[in-house]
Amino acid sequence: MSEKPLKVPFVNLSLQHKPIQSQIEQVMGKIIQQGDFILGEALAEFETTFAGASGVQYGIGVACGTDAISLGLQACGIQPGDEIIIPANTFIATIIGVIQAKATPILVDCDSDTALIDLAAVATAITSKTKAIIPVHLYGQMVSPIKLLDLGNRHNLIIFEDAAQAHLAFREGYHAGSFGKAAAFSFYPSKNLGSFGDGGMLITDDADVAQKMRTLRNYGAPSKYLHTEIGTNSRLDNLQAAVLNVKLPYLETWNRDRTLAAQYYNTLLEPLKNKGIIPIANHSSSGHIYHLYVIQVTEKSPINRNTLQAKLAENGIQTGIHYPVPCHLQPAYQNLGNPGDFPNTETLCQQILSLPIYPGLSNTQIEQVVAAIELSISS
Ligand SMILES: *Cc1c(COP(=O)(O)O)cnc(C)c1O
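Since we're looking at a predicted model, the values are computed, not measured.

Would you take a moment to explain the site of the ligand for this structure?
Lining the immediate environment of the ligand, one finds 13 residues, of which Gly-65, Thr-66, Asp-162, Ser-186 and Lys-191 sit closest. With respect to the ligand, the backbone of Gly-65 contributes an N or O atom lying 2.7 Å from an oxygen atom. Between an oxygen atom of the ligand and a side-chain N or O atom of Gln-165, the distance comes to 2.8 Å. Against a free-state accessible area of 380 Å², the protein chains account for coverage of 92% of the ligand. A molecule is said to occupy a pocket when more than half its atoms come within 2 Å of that pocket's grid points, and by this definition the ligand occupies the largest pocket. A class-by-class count of the residues in the shell around the ligand yields five nonpolar, six polar and two charged.

Is there a simple way to explain the sheet that holds strand 9 (residues 200-204) in this structure?
Each strand in a sheet pairs with another by means of backbone hydrogen bonds, the pair being arranged parallel or else antiparallel. With mixed pairing, seven strands are arranged side by side in an open sheet as 1-9-8-5-4-2-3. Two strands in the sheet have a free side with no partner beyond their single neighbour: strand 1 (58-62) and strand 3 (104-108). Within the sheet, the average angular offset between the axes of one strand and its neighbour, ignoring direction, is 25 degrees. Summarising the sheet, strand 2 (residues 83-87) and strand 4 (residues 130-133) pair through three bridges and their orientation is parallel. From the neighbouring strand, Ile-85 faces strand 4, where its bridge partner is Ile-133.

Hey, could you run me through unusual backbone geometry in this one?
Cis geometry marks the peptide bond from His-322 to Tyr-323; its omega dihedral reads 20 degrees. The topology assignment puts Tyr-323 in the loop between helix 11 (305-314) and helix 12 (343-351). Here the phi dihedral of Leu-39 falls at roughly 50 degrees; this positive angle occurs in a residue that is not glycine. Mapped onto the fold, Leu-39 is located in the loop between helix 2 (21-34) and helix 3 (41-53).

Help me understand a nonpolar patch on the surface in this model?
On the surface, a nonpolar cluster with roughly 360 Å² of combined accessible area is contributed by Ile-32, Phe-37, Ile-38 and Leu-39. Looking at the secondary structure, you find Phe-37 in the loop between helix 2 and helix 3.

Looking at this structure, I do not really get the layout of surface pockets. What am I missing?
If a probe as big as a water molecule is rolled over the atoms, it shows which places are left empty. By volume, the largest pocket amounts to about 460 Å³. Residue lining of the largest pocket: 28 residues in total, with Phe-91, Gln-165, Tyr-188, Lys-191 and Tyr-323 positioned closest to the centre. Counting residues per element, the ones that place at least two in the lining of the largest pocket are helix 4 (65-75), helix 5 (92-100) and strand 8 (182-186). For the lining of the largest pocket, a count of residues per class yields 14 nonpolar, 10 polar and four charged. Each of domain 1 (14-250) and domain 2 (251-378) accounts for three or more of the residues forming the lining of the largest pocket.

Looking at this structure, how should I read the pattern of salt bridges?
Working definition: two side chains of opposite charge can pair if their charged atoms are close together. Applying the stated criterion across every chain yields a total of seven salt bridges. A salt bridge links Arg-214 to Glu-47; the nearest nitrogen and oxygen atoms lie 3.4 Å apart. Of this pair, Arg-214 sits in helix 8 (residues 207-217) while Glu-47 sits in helix 3, and the two are 167 residues apart along the sequence. By relative accessible area, which is 29% here, Arg-214 ends up partly exposed. Overall, Glu-47 belongs to the buried group, its relative accessible area being 7%. Among the salt bridges present, the one from Arg-217 reaches Glu-47, with a minimum N-O distance of 2.8 Å. Here Glu-47 lies in helix 3 and Arg-217 lies in helix 8, a separation of 170 residues in the sequence. Glu-47 carries the same exposure label as Arg-217, and that label is buried.

What am I meant to see in the domain arrangement of the protein here?
Taken domain by domain, the protein comprises domain 1 (14-250) and domain 2 (251-378). Measuring from the centre of the C-alpha atoms in domain 1 to the corresponding centre in domain 2 gives 25 Å. Facing 40 residues of domain 1, the contacting portion of domain 2 comprises 36 residues. Among the residues domain 1 hides against domain 2, the three largest losses belong to Tyr-139, Asn-192 and Tyr-250. Together they make up 23% of the total. The tally of links between domain 1 and domain 2 comes to zero salt bridges. Summed over the shared surface of domain 1 and domain 2, the number is 20 residue pairs in polar contact (both at pLDDT 80 or more). Going through the elements one at a time, helix 1 (13-17), helix 5, strand 3 and strand 6 (170-171) are the ones with two or more residues in the side of domain 1 that touches domain 2.

For this particular structure, what's the right way to read the pairing of strand 3?
Two faces make up the sheet, and in a regular strand the side chains alternate between them. Relative to strand 3, strand 2 runs parallel, the two being bridged by five bridges. Paired with Glu-83 across the two strands is Thr-104, which belongs to strand 3. On the question of chirality, the crossover connecting strand 2 to the parallel strand 3 by way of helix 5 is right-handed.

Rules and cut-offs
Residues numbered from 1 in each chain as written. Predicted model: local features only at pLDDT ≥ 70, side-chain atom pairs only at ≥ 80, totals over all residues. Heavy atoms only, no water. Near = heavy atom within 4 Å. Polar contact = N/O pair within 3.5 Å; in protein donor to acceptor, adjacent residues only side chain to side chain. Areas by Shrake-Rupley, 256 points an atom, 1.4 Å probe, with all protein chains shown as cover. 1 Å grid on protein atoms, 1.4 Å probe; cavity = no way out; pocket = protein on both sides within 12 Å on 5 of 7 lines; lining within 4 Å. Sits in = over half its atoms within 2 Å of the grid points. Nonpolar A, V, L, I, M, F, W, Y, C, P; charged D, E, K, R; others polar. Pairing = 2+ DSSP bridges. Helix = DSSP H or I, 4+ residues; strand = E, 2+ residues; numbered from the N terminus. Axes fitted to C-alpha atoms, helices over the stretch in contact; angles between N-to-C directions. Patch = residues over 30% accessible without salt bridge, like charges linked within 9 Å, V, L, I, M, F, W, Y side chains within 5 Å. Salt bridge = Lys/Arg side-chain N within 4 Å of Asp/Glu carboxyl O. Points joined across faces, edges and corners; volume = space filled by probe spheres on them. Domains from an automatic or database assignment. Buried < 20%, exposed > 50% of the residue type's maximum accessible area, 1.4 Å probe, protein only. Contact = heavy atoms within 4.5 Å. Buried area = accessible area lost by both parts, 1.4 Å probe. Right-handed = clockwise from strand over helix to strand, strands pointing away.

Have a look at this one:
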């Protein structure tokens, strides 16, 4: 069977890079000439501007988002054995970050409409060992800062934001990453702000957390050959920071493109609700930055998610699933829960489908995607 040509790819990074490629080559060329590769000028600039854009004072660039979580938790004073409450419905890196910090991840279920952490479930999971909550601003939609701050204050818990999918998202007057004690970002290439490889950052308003993070990412050394922490080697490359400096001024426009695409999807998909095709609910109004546009193929749909995904592929529409297997059902993490423990998460994993979304996705392509969904569920 011959594959039909791809009409709509899931992401298209070259669209985003073409207009700025020569600018990027210029700044990279300058760094190559200067030999300024590690903890250089471009990194210092990006740390300040990205943190500033998010409404926060300090940024500390690290090798990836996972390290931003694990080192960031340590910088916040998390100790081995501390319990940290996290959503069962997240990318595995949230859990890895907690385990790398030698803390104990406590999973809780998500809300069935928004797919975000269920704060009522968080409240019931709190014990005397609980030290922190990690809200994951999944798909680009923030968990309510007001509710989280209230919960954190009442139980004296650290709020540590996993903002890896939420660069410049906002809700209730807060940017993603600006209301917790600290927040982790990823600059994996396909994130809303992506480098040309791996990259991450911790942002915080707490000077002590920032100082400890700088030490931890650089062999535990606050100054050369003085090692006050065990630490590790996890720095955001200066070349990657230079790429990100060029890209950051476009981020708001790119996020707006995604939001407009999502609104068009919402409009076109509205008539398919009674056939069981339901977009994941957006409760953060204008501040959702749609890292992913996710629909739920419910029991009411005439075909299930996997069949829909296969039919769309036959029609040249590339889709994704974020994520197909819940963390607690992964072979390495079965100690974190049993089948049935997090029913909303488990149902979503079987029913969700991520549709193509990226800056430059045209209205015609969105119409093609929705037409292909209509055709698939009516034939
Ligand atoms: C991408 C991502 C991470 C990890 O970032 P890396 O840079 O890939 O290590 C963590 N949490 C979430 C929710 C993510 O989407």
